[in-house]
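As a plain string of letters, each chain reads:
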Amino acid sequence: MAGNISTDILQRIASKSFSLDTHALKVEENYSITGMSGTEYHFDYIVFSGGEKIAIKISSDVSSINDIMLFNSQCIDSGINKKIMIANRELNENEKRMCQAFGIIIADIKNYENDELYSGRAKFGIPELDAKLAGGLRPGYVYLISGKTGAGKTTLSSMFLSFGAKNNEKGLMVLTDTFPDQFLDNIRTMDIGFGEAYENKMIEIMEISDQIRVMKSEVSSGNTDFRKFITKIITELKRIIITKNIKRVVIDPVTLLLIPDDDYINLFLNSLAMKDVTVIITSGLRTTELSVFGMEEYYVTGIIKLDYVTTGENIDRTLRIVKMRGSIFDSTPSKFKITSAGIIMDGKNSGISSPPPANSGSSDIFKNIGD
């Protein structure tokens, strides 16, 4: 089994076994340590938690008390106190008693491979960010990416759609304040696979129609009940999502679809949630440090805040997860850059490539570009 277990699973096993922060753990495979006796030992995996080491051994398919005793003695000689035995089978009673006597924690690999909490998450395709999100965003909820102009909101949300398309999840980009041709020209300058996904109909691009602008004006002036307005927009949006089999939706930005009323924003954002679909809305900053109207942040499941500081000719960018209901997350700010390869954190590329083809359609309220 050694070499076939993902870093994510190993981190979760170590985290659950010793109540550690998953995102602060580093995993090394086939790691060598020279013990106090001068003997060199080779461990299946070593998990580093700060200056502390956790030794992980993969159990063999046959019963072996000797293997457990040898593993324990190697750990003692190497000064390692935290020990885990990963099993892909049911250990016999003698093995269990031996592990208990030596303080070796037994982890059943099946419990982690089938862990519904982490499976099926919508990833960004940026390893460092996905790790901070415990694997990604949970489908069925609405998330906010906030930041001032130029912070990278459109780039990050576009990468989210691109990575989904690469993994056969169709995406929908709803533009509210950008000319579609201009958006496409800009996003194609980045090698994130968005242009190819759009051409192959794995990403749909729609803009709000003049009909929505008129309807919103009527609501703002009090001539129309905002509930009818929301119902019409959400009903049409969900029809598009269902008929096109959309799994990821981005509304960039959401501001032009909102009215600065607490009840309106509450109902609108809650109505956007749809089972098995991950929705991202973006917002600039005005009233608060997280949104334009100062209410959006209360009704979303999670918030990713992008920011930057200009120092002379340099731009220092940071990303921070502010909120993520129902999930563990790392709120530590991380530095990133926006390059021709999209957003890169810690000097690593997202690895996004071109996705496979699919089909398309149309709408009255949301217009396909070119219609």
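Not measured: the values here are computed from a predicted model.

Asks: What is the right way to look at the overall build of the protein in this model?
Replies: From N to C terminus, the protein includes 11 helices and 15 strands. Put simply, the protein has 371 residues, and 52% of those count as buried. Residue pairs at least 24 apart in sequence account for 67% of intrachain contacts in the protein once pairs closer than 6 positions are excluded. Just so you have it, the protein exposes about 17,300 Å², and 47% of that area is on carbon and sulfur atoms.

Asks: Even after reading the chapter, I still don't get the pairing of strand β11 (residues 302-311), so can you show me in this structure?
Replies: Remark: a regular strand shows side chains that alternate across the two faces of the sheet. Across 4 bridges, strand β6 (residues 142-146) lies against β11 in parallel orientation. Pairing of Ser146 across the sheet is with Lys305, part of β11. Summarising the sheet, β11 and strand β12 (residues 314-324) pair through 10 bridges and their orientation is antiparallel. Looking at the pairing, Leu306 lines up with Leu319 of β12. Counted between consecutive antiparallel strands, the loop separating β11 from β12 contains 2 residues, among which Gly312 sits at a positive phi close to 65°.

Asks: Just checking my understanding: could you explain the packing of aromatic side chains for this structure?
Replies: Each aromatic ring pair is described using two quantities: the centre-to-centre distance and the angle formed by the ring planes. Under the defined criterion, the tally for this structure stands at 7 aromatic pairs. Through pairs of rings, three or more aromatic residues link up here, namely Phe226, Phe229, Tyr264 and Phe268. Over the ring of Tyr308 we find Lys148; its NZ or CZ atom is 4.4 Å from the centre of that ring. One residue, Arg317, lies across the ring of Tyr308, its end atom 5.4 Å from the ring centre.

Asks: Can you help me understand the nonpolar core in this one?
Replies: With 40 residues, the main nonpolar core has Ile251, Tyr264, Phe268, Leu272 and Ile281 as its most contacted residues. If you list the elements that add at least two residues to this core, you get β6, β7 (170-175), β8 (203-208), α9 (210-220), α10 (226-243), β9 (246-252), α11 (262-272) and β10 (278-283). Residue contributions to this core peak at 8 residues, all from α10. The contact partners of Ile281, leaving out residues within four places of it in the chain, are Val142, Tyr143, Leu144, Ile145, Ile251, Val254, Leu269, Leu272 and Val300.

Asks: Just to check I follow, could you spell out the side chain of Arg121 for this structure?
Replies: Checked against the element boundaries, Arg121 lands in the loop between α4 (109-113) and α5 (127-132). One polar contact links the side chain of Arg121 to the main-chain carbonyl oxygen of Gly136, over a distance of 3.3 Å. In this structure Arg121 touches Leu133, Ala134, Gly135, Gly136, Leu137, Arg138, Pro139 and Ser327, once residues within four positions along its chain are discounted.

Asks: Got a minute to help me understand the sheet that holds strand β2 (residues 40-49) in this structure?
Replies: Overall, mixed pairing links the 5 strands, which are arranged β1-β2-β3-β4-β5 in an open sheet. At either end of the open sheet lies a strand with only one pairing partner, and these are β1 (25-34) and β5 (104-108). Neighbour-to-neighbour, the strand axes of this sheet turn through a mean angle of 35°, independent of strand direction. Sheet topology places strand β4 (residues 82-87) next to β5; 5 bridges connect them, and they run parallel. Residue pairing in the sheet places Ile86 in a bridge with Ala107 of β5. Packing against the sheet, helix α1 (residues 7-18) makes contact with β1, β2, β3 (52-58), β4 and β5, and its axis sits at approximately 125° to β4. On top of the sheet, helix α3 (residues 93-102) reaches β4 and β5; it is set at about 135° to β5, its chief contact.

Asks: Just checking my understanding: could you explain the pattern of salt bridges for this structure?
Replies: Side chains that differ in sign of charge can pair as their charged atoms come close. Under the counting rule described, the total for this entry stands at 12 salt bridges. Notably, a salt bridge pairs Lys96 with Glu90, separated by 2.4 Å at the nearest N-O pair. Under the relative-accessibility criterion, Glu90 is labelled exposed at 59%. Notably, a salt bridge pairs Glu236 with Arg239, separated by 2.9 Å at the nearest N-O pair. Of the two residues, Glu236 and Arg239 are both situated in helix α10; the distance of 3 residues between them amounts to about one turn of the helix. Relative accessible area serves as the criterion here: at 13%, Glu236 is assigned to the buried category. Look at Arg239 and you get partly exposed, because its relative accessible area is 36%. What you see here is one network of salt bridges that share partners, running through Glu90, Glu93 and Lys96.

Asks: In this structure, what is going on with the side chain of Ser78? I would like to understand it.
Replies: The topology assignment puts Ser78 in the loop between α2 (65-77) and β4. Excluding residues that lie within four positions of it along the chain, Ser78 makes contacts with Ile33, Gly35, Tyr41 and Phe43.

The rules behind these values
Residues numbered from 1 in each chain as written. Predicted model: local features only at pLDDT ≥ 70, side-chain atom pairs only at ≥ 80, totals over all residues. Heavy atoms only, no water. Helix = DSSP H or I, 4+ residues; strand = E, 2+ residues; numbered from the N terminus. Buried < 20%, exposed > 50% of the residue type's maximum accessible area, 1.4 Å probe, protein only. Contact = heavy atoms within 4.5 Å. Areas by Shrake-Rupley, 256 points an atom, 1.4 Å probe, with all protein chains shown as cover. Pairing = 2+ DSSP bridges. Phe/Tyr/Trp six-rings, centres within 6.5 Å; stacked < 30°, edge-to-face > 60°. Lys NZ or Arg CZ within 6 Å of the ring centre and 35° of its normal. Core = buried A, V, L, I, M, F, W, Y, C linked by side-chain atoms within 4.5 Å. Polar contact = N/O pair within 3.5 Å; in protein donor to acceptor, adjacent residues only side chain to side chain. Axes fitted to C-alpha atoms, helices over the stretch in contact; angles between N-to-C directions. Salt bridge = Lys/Arg side-chain N within 4 Å of Asp/Glu carboxyl O.

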